[in-house]
Amino acid sequence: MPDLPANGYALPEYPFCAPPELREGKRHHHAVVIVGGGLTGLTLACRLAQLRIPAVLLDEDNTVGVKGASSRGICYTQQSLEIFQRLGIYERIAAKGIAWQVGRTFAGNDEVFSFDLRQKSQFSFSQQPPFTNIQQFYIEMYLVERIQELNRQGASIDLRWSSKVTSFEQTQACALLSVSTPEGDYQISSDHVIDASGSHTPFHAWVGATMDSKRGDDRWCIADVRFKHRPPTERHTWIEAPFNDNRAVWQHLMGDDVWRIDYQMAPDADPAYVSREDVVRERLAKQFGPDVECELVWVGPYAYKSQCLHSLRHGHVFFLGDTAKVVSPFGARGGNTGIADADNLAWKLAAVVRQQAPAVLLESYHQERLQAARRNVQVTNRTARYLRAPEGIERLFRRATIGLAKRHGFARPLINTGRMAEANRYNASSVCQAEGGFMVQNVGLQFTPKQAGCLGDLLVWADSHLLLLIFGHITPQELKHMRQLSQTERVRGVQVIGKGQKAQAAENVTDTDGRLQQACGDANAKWVLLRPDAYLVARGQALNGHLVQSVAKAYALGRTV
């Protein structure tokens with residue numbers, strides 16, 4: 001795909017290829033069927049391709065992004081970037097996108113809050129930056145390219161474009177889907193149906209899903225703009241912008257030197273009027289001066305809503321991304337959580353399909369990601385209420401915090417224009433020990449004196465197995481124990497040595513300054529056990545029964561539905 005043209009977004013188009021069901025005139029059964037070729041569905045498909053799990057992906061369109069629509073999501077978290085590193089597309093994202101870590105918030109002409117995320121421990125260990133801005137369709141395109149690369153290397157992901165699911169039913173044995181295409185209709189059956197088709201999915205009605213839903217009256221207008229003279233690369237927000245009738249404004253740089261500017265509008269604003277080119281240019285002139293030179297790449301209005309299902313699994317169907325929950329786009333908690341949904345479910349599907357784990361392991365997807373969804377809905381709803389606080393105590397609180405933040409540092413963290421997303425913790429996960437349930441950052445490591453690597457590389461090497469990391473010197477008995485575990489179909493072991501230490505295991509890496517142990521939450525841990533999605537299962541001081549129990553717990557061994 002070429003770089004962004006001057007007059008809008010050019011999206012690739014993928015051809016329709018008649019599937020076996022149409023060519024042979026009979027129904028085929030597949031272990032995994034993914035519905036929706038957006039950010040979430042493609043992330044899941046790419047991870048399954050990497051794990052060599054066959055799957056079919058159905059998308060009713062023939063492109064990425066949305067034809068005629070905006071760049072959509074733009075801000076990708078460190079967690080997402082680490083996932084993309086493991087998938088093999090991070091370098092493409094880094095080359096096209098804009099990495100950032102500093103954000104500034106203004107009220108009028110006064111700076112009332114700022115942050116540098118690299119100074120926070122939850123972002124400081126990783127090889128990836130805290131955030132990168134890039135248009136969503138680029139990431140989707142890179143995922144398609146990567147899936148095609150993996151298919152050429154032996155993976156089996158059947159990308160079926162222009163294929164719309166028109167009906168669905170399920171029995172205890174399997175799910176049955178009807179699919180409409182340009183060359184006719186067919187049916188397909190599956191053990192696991194992954195719905196990543198968006199918030200307007202028909203699967204909610206088909207399975208009788210219930211949810212909490214709320215639609216606000218907040219109105220916004222996006223302007224994707226390319227300037228002749230570049231503003232600062234930092235993320236700037238205005239909680240009260242004098243150039244926008246004292247309403248909020250967001251300003252981000254994306255790829256191709258295109259800026260995303262979000263303007264908060266009046267609740268009764270006419271969407272057609274606020275997105276007219278002459279009105280948008282007048283708004284830009286108020287912000288950047290009457291002599292501003294720029295071109296409008298795309299303009300469009302939008303409104304917020306929040307929605308969260310009560311259950312992310314219904315029989316054979318799993319809900320991911322916007323089908324599971326919808327949040328206001330504050331703090332990058334929208335598309336990024338769909339990426340995390342996909343990463344969470346993929347390795348569990350692989351373990352079940354390969355019969356490394358019982359089917360009950362899949363219940364932990366609902367358990368863990370529903371907790372994350374509810375948290376993200378809660379956090380973004382608080383931001384939405386702060387930005388358009390109703391009359392009464394909330395409006396009084398907002399005025400007070402803004403006034404205090406202009407003069408006193410203690411009040412600045414109270415300014416809420418979006419709490420920036422971090423990897424969610426699973427506080428009550430049934431497949432992690434009490435000390436686990438958090439994602440370990442992608443720490444840099446030394447594989448050989450001449451070869452650098454990172455934790456993400458080790459996780460890819462471990463495939464769908466758990467990764468056992470043993471720190472420091474290993475006794476002969478401990479080495480024997482590690483080898484015994486590594487001979488199973490569930491664990492891969494690696495010794496992590498410090499600078500100047502001698503390795504006892506053939507599989508070893510060097511962590512010169514001990515950052516990996518720190519990232520795992522205990523600089524004195526003897527071992528840690530990590531899942532394929534980089535979440536900590538457990539850690540301990542000795543290779544004992546706790547380790548063995550933790551392996552069983554991570555795969556839900558011994559549990560029944």
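Because the structure is a prediction, the values reported are computed rather than measured. (Residues numbered from 1 in each chain as written. Predicted model: local features only at pLDDT ≥ 70, side-chain atom pairs only at ≥ 80, totals over all residues. Heavy atoms only, no water.)

Colleague: Residues and numbers for the nonpolar core, please.
Modeller: Within soluble globular proteins, side chains that are nonpolar generally end up buried alongside one another. Membership of the largest hydrophobic core comes to 99 residues, with the highest contact counts inside it found for Leu48, Ile139, Leu143, Ile194, Phe203, Leu361 and Leu468. With near-sequence residues (within four places) excluded, leucine 143 lies in contact with Leu39, Leu42, Thr43, Cys46, Phe84, Leu87 and Ile89. (Core = buried A, V, L, I, M, F, W, Y, C linked by side-chain atoms within 4.5 Å. Buried < 20%, exposed > 50% of the residue type's maximum accessible area, 1.4 Å probe, protein only. Contact = heavy atoms within 4.5 Å.)

Colleague: Which residues make up the pairing of strand S20 (residues 444-448), and what are the values?
Modeller: Where S20 lies against strand S21 (residues 451-454), four bridges are found, and the strand directions are antiparallel. The partner of leucine 445 across the bridge, within S21, is glycine 453. The loop that links S20 with its antiparallel partner S21 comprises two residues. (Pairing = 2+ DSSP bridges. Helix = DSSP H or I, 4+ residues; strand = E, 2+ residues; numbered from the N terminus.)

Colleague: Account for the pattern of salt bridges, with residues named and values stated.
Modeller: Tallying each qualifying case throughout the model produces 25 salt bridges. For arginine 247, the salt bridge goes to aspartate 245, with nearest N and O atoms at 3.8 Å. Given the relative accessible area of 27%, arginine 247 is considered partly exposed. A relative accessible area of 59% places aspartate 245 in the exposed class. Among the charged side chains, a network of salt bridges with common partners joins Arg92, Glu145, Arg146 and Glu149. (Salt bridge = Lys/Arg side-chain N within 4 Å of Asp/Glu carboxyl O.)

Colleague: Could you give an account of the sheet that holds strand S6 (residues 110-116), naming the residues involved and the relevant values?
Modeller: Strand order in this open sheet of eight strands is S6-S5-S13-S14-S15-S12-S16-S19, and the pairing throughout is mixed. Of all the strands in the sheet, just S6 and strand S19 (325-326) have a single pairing partner and so form its edges. For strand S14 (residues 247-253) and strand S15 (residues 259-265), the ladder comprises five bridges, and the chain directions are antiparallel. Residue pairing in the sheet places tryptophan 250 in a bridge with aspartate 262 of S15. Each of strand S5 (102-107), S6 and strand S13 (235-241) is contacted by helix H12 (residues 393-405), which is oriented at about 120 degrees to S13, the strand it contacts most. (Axes fitted to C-alpha atoms, helices over the stretch in contact; angles between N-to-C directions.)

These values are about where atoms sit, not about what they do.
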